[in-house]
Amino acid sequence: MSPVNRRSPLKYGVAATALPALGLDELQHVAQAVADARRYFDGTTLDYFRRQLAACKADDGALGPAKTLPMVLGIVGAVEEHARDVKPQVRRELLRLGADGAEFAGWLFRDIRDFGRTLFWYDRAVEWAQEADDVAMQGYVLLKKSQLAFDEREPLRMLTLAQAARRGQRSLPKRVQAESVQQEARAEVMLGATADAVAPKLDEARALLDARDDGASQLGAHYNSTLLTMQTAICYTEAGAPRRAVEIYDDSLVEDRFSPRDYGFFLSLRAGSLALAGEPDEAARTGIASAARADSTNSRRTKQELVRVLDYLAPWSRRPEVVRLREVVTA
């Protein structure tokens, strides 16, 4: 069964008209667009929805999915509702915006580990991007599906999806290409490659990230050297070199470089590397700090990583710090 009911006005979990407060002029214009999409759904209304989606993305790392999802689902609901009633050129612009919103909705559902709805929205993003002739968005969503495959510990699917994303690399920003290469490297170590074997791929990712992008695309605008460094640490842990990963985290995992949600997530990964490196007390303390941030941003993805950390800490299950971590995670 599809994760949503297409006939229901509340099919995305919020009413399609659930929008934030507007100025009087904006409110009148949007109301006209909703009432008569073919005549009024123009650049002004599109710009409004673009601004709201950008604001949602900016706030997500601090507010978390529970507070961000209603607005995002309201935007994509409005796009789907009215894209059928507009002129063709406006429909393509709407669907391009809708694909952006659908990809972001997929990420938010991924953060709360609702993988059924994650895939639904990623598929919707690809469908709308295809109709809007947005080749770069299609490749970007393939990268996001590869990241979901990592969450589900399916390295072969993770690898082939990352490779598929790169096939359209001429249309992808360099930063998205860089993350795709990194994703391939991580999948390969999960499939048995050594850290040294994938080092050239990680170097290639760094070179792509440092290259100048000629286009104005904002896809993957959040991706930077710090995130690549964190992903390199993950790669080392997956390759059986957790001590090297801990050294990277110690050098680069600084709170003011991340949103509260992302900092909590990378703390959980550092905790796992510490546990695998044989440092149970520090791993547990790091995990407790991660859990506090996961609670404040409702990041179930981080909480699931902490469950994995407890598995790594099983040989030290009676140590006081580990007991504390278990109490926090299972509370």
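Residues numbered from 1 in each chain as written. Predicted model: local features only at pLDDT ≥ 70, side-chain atom pairs only at ≥ 80, totals over all residues. Heavy atoms only, no water.

A. Structural detail: the overall build of the chain. For the chain, the helix and strand inventory stands at 16 helices and 0 strands. Residues classed as buried in the chain amount to 51% of the 331 residues present. A separation threshold of at least 6 residues defines the contact pool for the chain, and within that pool the share at least 24 residues apart is 64%. Of the roughly 15200 Å² that the chain leaves accessible, carbon and sulfur atoms contribute 49%. (Helix = DSSP H or I, 4+ residues; strand = E, 2+ residues; numbered from the N terminus. Buried < 20%, exposed > 50% of the residue type's maximum accessible area, 1.4 Å probe, protein only. Contact = heavy atoms within 4.5 Å. Areas by Shrake-Rupley, 256 points an atom, 1.4 Å probe, with all protein chains shown as cover.)

B. Region of the structure containing the nonpolar core. Core analysis: the largest hydrophobic core is formed by 44 residues, its most contacted members being Val-72, Leu-73, Leu-94, Phe-104, Trp-121 and Met-137. When residues of this core are assigned to their parent elements, the largest contribution, 11 residues, is made by helix H5 (residues 88-111). Ignoring any residue separated from it by four or fewer positions in sequence, one finds Met-137 in contact with Ala-99, Asp-100, Glu-103, Ala-129 and Leu-219. In terms of nonpolar packing, the next biggest core, distinct from the first, is built from 30 residues, Val-181, Ala-187, Leu-228 and Tyr-263 among them. (Core = buried A, V, L, I, M, F, W, Y, C linked by side-chain atoms within 4.5 Å.)

C. View of unusual backbone geometry. In this structure, Asp-133 takes a positive phi of about 60 degrees despite not being glycine. Looking at the secondary structure, you find Asp-133 in the loop between helix H6 (115-131) and helix H7 (135-151). Given a relative accessible area of 58%, Asp-133 falls into the exposed group. The phi torsion at Asn-298 lies on the positive side, around 55 degrees, for a residue other than glycine. Position of Asn-298 relative to the elements: it lies in the loop between helix H14 (280-297) and helix H15 (300-312).

D. Main features of the packing of H7 against helix H9 (residues 174-190). It is at 10 Å that the axes of H7 and H9 come closest, and there the two elements cross at 30 degrees. Taken together, H7 and H9 sit at an angle that is classed as roughly parallel. The element H7 and its partner H9 pack so that their crossing is left-handed. Touching Tyr-140, Leu-143, Ser-146, Gln-147 and Phe-150 of H7 are Val-176, Glu-179, Ser-180, Gln-183, Arg-186 and Met-190, all from H9. (Axes fitted to C-alpha atoms, helices over the stretch in contact; angles between N-to-C directions. Parallel < 35°, antiparallel > 145°, perpendicular 65-115°, else oblique. Left-handed = near helix turned anticlockwise from the far one by under 90°.)

E. Just the side chain of Thr-237, in detail. Structurally, Thr-237 is set in helix H11 (residues 225-238). Ignoring any residue separated from it by four or fewer positions in sequence, one finds Thr-237 in contact with Pro-242, Ala-245, Ser-273 and Leu-276.

F. Representation of the pattern of salt bridges in the model. In total, this model carries 33 salt bridges according to the counting rule given. In this structure, Lys-201 engages Glu-184 in a salt bridge whose closest nitrogen and oxygen atoms are separated by 3.9 Å. A residue pair is termed long-range when its members are at least 10 positions apart, and Lys-201 in helix H10 (residues 195-210) and Glu-184 in helix H9 qualify at 17 residues. Classification of Lys-201 by relative accessible area gives partly exposed; the value is 22%. With its nearest N and O atoms 3.7 Å apart, the salt bridge here joins Arg-285 to Glu-321. Residue Arg-285 is located in helix H14, and its partner Glu-321 is located in helix H16 (residues 320-330); the two are separated by 36 residues in the primary sequence. With relative accessibility at 40%, the residue Arg-285 sits in the partly exposed group. Within this structure, Asp-250, Arg-270, Glu-282, Arg-285, Glu-321 and Arg-324 form a network of salt bridges that share partners. (Salt bridge = Lys/Arg side-chain N within 4 Å of Asp/Glu carboxyl O.)

G. Geometry of the environment of Met-71. Looking at the element boundaries, Met-71 is found in helix H4 (residues 65-82). Sequence separation between Met-71 and Gln-52 is 19 residues, and the spatial gap between their C-alpha atoms is 8.1 Å.

H. How the structure looks around the confidence of the model for the chain. This prediction gives the chain a mean pLDDT of 86; 85% of its residues lie at or above 70. Scored below 50 in pLDDT, residues 1-24 shows 43 contacts in the model against residues more than four places distant or in partner chains. Here residues 26-39 is modelled with pLDDT under 50, and outside its nearest four sequence neighbours on either side it reaches 24 contacts, counting other chains as well. (pLDDT = per-residue confidence, 0-100.)

I. The arrangement of H15 in detail. Here H15 contains 13 residues, and its C-alpha end-to-end distance of 19 Å stays within 8% of the 18 Å for a straight helix at 1.5 Å per residue. Within H15, the full set of buried residues consists of Arg-301, Thr-302, Glu-305, Leu-306, Arg-308, Val-309 and Leu-310. The elements touched by buried residues of H15 are H5, H7, helix H13 (260-276), H14 and H16. (Expected span 1.5 Å × (residues − 1).)

J. Inspection of the packing of H15 against H16 at higher detail. It is the contact of H15 with H16, at a shortest axis distance of 10 Å, that shows an interaxial angle of 150 degrees. When the axis of H15 is compared with that of H16, the two are roughly antiparallel. The two elements H15 and H16 cross, and the hand of that crossing is left-handed. Between H15, through Leu-306, Val-307, Val-309 and Leu-310, and H16, the contact on the second element is made entirely by Val-322, Leu-325, Arg-326 and Val-329.

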